[in-house]
Structures are given as C-alpha cells and as structure tokens.
Amino acid sequence: MRQSRLFTKTQKQVAPHLKLASHRLLHQAGYIRESTAGRYYFLPLGLKVRDKIVQIIEQEMNAAGAIKMLTPVLHPLELWRETNRASSVGFELMTIKDRNGAEFALGGTAEEMMVDLVRKFTLSYRDLPFNIYQFSQKFRDELRARGGLLRVREFLMKDSYSFHASEADFKQEYQNMRETYQRIFSKLQLKALVVEADNGYIGGDYCHEFVVEHPAGESRFLMTEDGTYAAHEDVAVFAKNNQAVTPEPCKPLTEVAAVREATMAAGVVLHQIPLTKHLKNVLYVDENQRLVLAVLRGDLSVNETKLKHVAAANTLRMATAEEIANINSVAGFLSPVGITKAVYIVADDSTTTLINACSGANKFQRDYLNINIKRDYTPNVIGDIAMAEAGYVTKSKQTLVERRGIEVGNIFQLGYHYSKLMQANFINQAGQAELYYMGCYGIGVDRTLATIVELFHDDKGICWPEIVSPFKFHLLNLNKDSVQSDKVYQALQKVGFEVLYDDRVVSAGIKLNDADLIGITYRLIVGAKTGNNIEYKSRSSKQAELISLTEIIKRHVQ
C-alpha cells in the first residue's frame, strides 16, 4: 500500500478531552474517527488491525471445535420479552419498529436469538454438544460513552453459545473456552487474569471475566497476593472475622434515648460500643416497589449486586426519607426490630454471631441496645451481602489487594436459564423432551484493540505487537527520487510481506514522526545516508541497523 493512496490523516494535536492513550493515539494516528458519541468509523489502518484480531480469535475458536455463523442485527422484541429482558437488562435496549409496526431490538447480546434458532430444529442428544459463534455489531445505549473504544454504544463482539445435555458436559466446554481465551489473549500479548464476576443481565449462576490490569480499566477487583484468588468487587467474598466478637450472654432488649446525629459514628461515641457491635440498616426499593431492608454488621458496607441476588431483585435504589417515614421509621435511626409495615429483611451472615448489638429504634433520637437476631427480629433471608475491601482477608487467611483492569472477555454459565424461559428442548435417550444446559462466551474485539494500545505505546505513538500490526514493514523513502525505494517495495511485496510505503512528497521529519505515531512493527528507511543498504529498526527498539534487503528478507521469511 502506497501511503499517498491511503485514506487517513495523522494529527499533531488532538482535543484535550481525549484523555486515555488509546483514544488519543488511535485518533491522532488515523485509525478511527468518531461519528457520534460512542460510535466510531474504523479507517483502513484501524480495520486492518481489527481484522487481524478477528482472525486470531476465529482460528482459536475453530481449533476449539466451535462453529461460526451469523444472526440478524435486528432481534424480534418478543424474544426479549420471553426472557423478561425487554426492560430489565443492565443497559438501555435500543428498539425500532418496521413499516408494519413489528418491534425489534438492536442486538445488545444474542442469547435469545441463538436459543430461538436452535429450538427451530428437532435435535437429539446425538447432536450434542455444539458451540456456535459469531462476530457481530452490538448496540448498547450506554448512559455515558467514554474512553474511545473502551466504552462505546456500538461495537464488534465475538459471542458464542454452547448447548449441552448435562451440566457435566457443559463444564468441559467451560474449561475448553477458558483455555481457548487464555491462548487468544496470550497471542495478542495481553496478560489476562481470570476473575470471578457477576453474571448480571446475561443470567445464569456464575461467570468469569478476563481482565488486563490497567489503571484505565473500569473493573475493580480484589485478589490475593499470590494470585490464587481473584474476584470482581461485585462478588468477592472474605472472612468476616466473627471470632473477634467476644461471646457473652444475651441481655434484655432495651430502648434508650440517643441524642446524637443520624450517623453510626455518633452512635459509637454516644454508647461507647465499637462499630463491630452496631447494626447497619439500609432501606432499598426494588423494581416492584418492594421495600428491602439490608442489615449488616456496622463496620461493613452493602454490596448492592450481592443484595440483588439474595433478595431476588432486578434493580434497587435507596429509599427516600419519605419512604422511610412511611414505614414508621426515621432516616439514621432505622432498625429491623419492630418494623410495623411489610419490609423484606435481608440480613448479612455477619449478623448471625453478633450478640447484644446496637442500632436505631425507628424513632428520632432513640436507639435499641442488646439486639439479638431471631429473638428480636427475624430476617426473611440470610446471606452474603457485604462489600469486600482491600485489606480484608480470605477464608484461607490471605490478604486481599485491590486492582483495576480492562475487561476484554467473559465466560458465563447459563444453565437452564434461557432454555427454560424459551422452552428450548432436545430429545434425550429416553425419547423425552429435555431442556438444554447452556453456556455463553464473549470477547469485545474493539475494546481488546484499545487495550493493546494502552499497553503498547510510548511518548511518540503506538508500538504494535507484530501479530496485529496493520503492516509488517513501514518503508520510508527519504531520497529525492523513488527508484531505489520502489525496487525495495516491489521486492518485499513479491516475497509476500505487507508493506506501507511512504512515497509522499513531504519532509523527512513528517515521515519519521508519522511512522512513530502509526506504530508499524518494523521501520525501513531508504535515503542518501543508507547507500545500497536499508536502515532497519523495530518500533520498540532504540537502535537501528544498516543491513541489506537480502538480510531483511532472510530474517522475516518463515
């Protein structure tokens, strides 16, 4: 490709709002341009890189036994209604109507479509298992698109879906996909940590994210120093150290005056009772206007994701002071004891060994002392609803440390979640209909591309790993004529190398700066100072060599 014919333009300066390196450099080097917020054009250089990432993923997915296909972009909205996701997913679904009034969703994820496809066939246990995958544009009406390709409203995803006769068979494919993803990211020069995560709007019981550590990432996770445990903040578990609570006999429940501010800290000072012996009570409202009271040990914080699971709620919001008053209580003085109206009480398991606790008394400046679970209040359910923090310890007594990273992929156990809701069955060995056991597996291609740039750049521009570089060589002609460089270009092409040939009539400085900015893995210079040889330099190296064309070809021919 002659650079004079390439549709792209580099820029010396970019807008100050492009904070992240990947956003700034991909724009500045002419790989992408924004259309509207969160939607990007992929220019020729950008598309070449993306295509190479797709090729690597496709090769590994095929080698793992998956089968490529494609679904329509428009999903019949009734399919999303079958799974109750038309209005309850974790992103704003984009919908349209056709001329006949039929409603469609712009595909944000494809579980419904794949299940609908599979149930159109009469399959038996002999046809299982299988894993079908696609590369398709996804649409999510994100509230705040940010960071270039890291959080967008339209993007390319590799998503795959496996169908099984049993959980045991699924677990083999889950491990197969886990290992396949590790090979993919390793080829892309990304060290992706496998992190336990929340299944969220996808459904199912458990999942894992593949996270590349980087401060630009939105994934906050906690891990042990030896790396044997890593979990997203939404699901991380820890030892709650109930042994630190000194055993003592249960005392009578007592209501006392509490002339204090409406904070737990004020209660600690007033009663001279440590925070670990207080109850933290937080009132929420779910999507059905159900009141949910979260009750924890005072030194812990509510993990709303865990709370949603334990309370079987899709969404939660904090109750207002007025809503708290409607249950005959007062903000800052809430208590599970003596709630007079229908409130669903969810107690954290940290409360089960808490003896003679303190909390508000549902009255202004009144507190309860000596609260004991089951005697003084009975939760509707007890579970883990506490947020893990850096410095907490695991049940194996290892300290948790906080990390941030970019999620580039995920794998989900779906179980019977979708097959049950959509009544998708196969015929088992007994000749009876049985639900599919499912899994799904995703890689954000565009986000992965941006992550590579976040890791591989310097103050001059991008430094592409060779496997995804848009071209293998960037040939710069610094001579007054192009006779020698034309011959080099033709010789490299004849061998089969991808070459971007800078034949533009611009200064040497512009060519050199653009080469560093664009970041092609190997730079070749033909000029007055190189004689019959060529200046050869890898983008990430500080040293250049003066070697022959024959030697360059010899080094790179497989």
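Throughout this description, residue numbers start from 1 for each chain and increase along the sequence as written. In view of the model being predicted, local features appear only for residues whose pLDDT reaches at least 70, and side-chain atom pairs are presented and counted only at 80 or more, with totals across whole chains, interfaces and linings using the full set of residues. Excluded from the side-chain calculations are hydrogens and water; all other atoms, namely the structure's heavy atoms, are used.

**Some words on a nonpolar patch on the surface**
On the surface, a nonpolar cluster with roughly 210 Å² of combined accessible area is contributed by Val73, Leu74 and Ile96. On the secondary structure map, Val73 appears in the loop between strand S3 (67–68) and strand S4 (74–76). For patch building, the residue pool is restricted to those with more than 30% relative accessible area and no salt bridge; the joining distance is 9 Å between like charges and 5 Å between nonpolar side chains (Val, Leu, Ile, Met, Phe, Trp, Tyr). Only the protein chains shown count as cover for residues, with accessible areas throughout obtained via the Shrake-Rupley method and a probe of 1.4 Å. Any Lys or Arg side-chain nitrogen located within 4 Å of an Asp or Glu carboxyl oxygen qualifies as a salt bridge. Only DSSP runs of H or I with at least four residues qualify as helices, and only runs of E with at least two residues qualify as strands; both kinds are numbered from the N terminus onward.

**Observations regarding the side chain of Glu209**
With respect to the secondary-structure elements, Glu209 resides in strand S10 (residues 206–213). Although Glu209 is buried, it makes no salt bridge; Arg447 carries the closest opposite charge, 7.4 Å away. Polar side-chain contacts of Glu209 include one of 3.4 Å to the side chain of Ser219. Any two residues having at least one pair of non-hydrogen atoms within 4.5 Å are treated as being in contact. Contacts of Glu209, omitting those with residues within four sequence positions, involve Leu193, Val194, Val195, Ala197, Ser219, His232, Glu407, Gly409 and Asn410. The buried label applies to any residue whose accessible area, calculated with a 1.4 Å probe on protein chains only, is under 20% of its type's maximum; exposed applies above 50%, and partly exposed to all values in between. His residues and chain termini do not enter the charge count, which takes Lys and Arg as positive and Asp and Glu as negative. Nitrogen and oxygen atoms within 3.5 Å of one another constitute a polar contact, given that in protein one can donate a hydrogen and the other can accept it, and given that sequence-neighbouring residues count only through two side-chain atoms.

**Focus: the pattern of salt bridges**
Using the criterion set out here, one finds 45 salt bridges in the structure. For Glu218, the salt bridge goes to Arg151, with nearest N and O atoms at 2.6 Å. Placement of the pair is Glu218 in the loop between S10 and strand S11 (219–224) and Arg151 in the loop between strand S7 (130–139) and strand S8 (154–164), with a sequence separation of 67 residues. Exposure remark for Glu218: the relative accessible area of 35% places this residue in the partly exposed category. With a closest N to O distance of 3.3 Å, Arg220 and Glu402 form a salt bridge. A residue pair is termed long-range when its members are at least 10 positions apart, and Arg220 in strand S11 and Glu402 in strand S21 (residues 400–415) qualify at 182 residues.

**So, the layout of surface pockets**
In this model, the second largest pocket occupies a volume close to 340 Å³. Cavities and pockets are defined on a 1 Å grid built over the protein atoms alone: a cavity is a set of grid points where a 1.4 Å probe fits but cannot escape, while a pocket is an open set with protein on both sides within 12 Å along at least five of seven lines, and lining residues are those with an atom within 4 Å of any such point. If you go around the second largest pocket, you meet 23 residues; those closest to its centre are Met264, Asn281, Gly332, Phe333 and Leu334. When contributions to the lining of the second largest pocket are tallied by element, the ones reaching two or more residues are helix H6 (264–271), strand S14 (279–286) and strand S18 (357–363). A per-element tally of the lining of the second largest pocket places S14 first, with five residues. Grid points are joined across faces, edges and corners, and a volume is the space filled by probe spheres set on the points.

**Let's talk about the nonpolar core**
Core analysis: the biggest nonpolar cluster contains 58 residues, and Leu26, Tyr31, Ile53, Tyr181, Phe185, Leu188 and Trp464 have the highest contact counts within it. Counting residues per element, this core draws most heavily on helix H2 (residues 44–63), which supplies seven residues. With near-sequence residues (within four places) excluded, Trp464 lies in contact with Leu26, Tyr31, Val49, Leu449, Ile452, Val453, Ser469, Pro470, Ile518, Gly519, Ile520 and Thr521. For our purposes a nonpolar core is just a set of buried Ala, Val, Leu, Ile, Met, Phe, Trp, Tyr and Cys residues, chained together by side-chain atoms within 4.5 Å. Core analysis: the next-biggest nonpolar cluster, separate from the first, contains 24 residues, Leu79, Ala110, Cys207 and Cys440 among them.

**A few points about the packing of aromatic side chains**
By convention here, two paired aromatic rings are described through the distance between centres and the angle between planes. Pairing of aromatic rings covers Phe, Tyr and Trp, the last through its six-membered ring, and needs centres within 6.5 Å; plane angles under 30 degrees mean stacked, over 60 mean edge-to-face, and all others mean tilted. Summed over the entire model, instances satisfying the criterion amount to 18 aromatic pairs. Look at Phe170 and Tyr437: their rings are 5.4 Å apart centre to centre, the planes differ by 45°, and that puts the pair in the tilted class. Here Phe170 is found in helix H5 (residues 167–187), whereas its partner Tyr437 is found in strand S24 (residues 437–444), with 267 residues between them in sequence. No difference in accessibility class separates Phe170 from Tyr437, as the two residues are buried.

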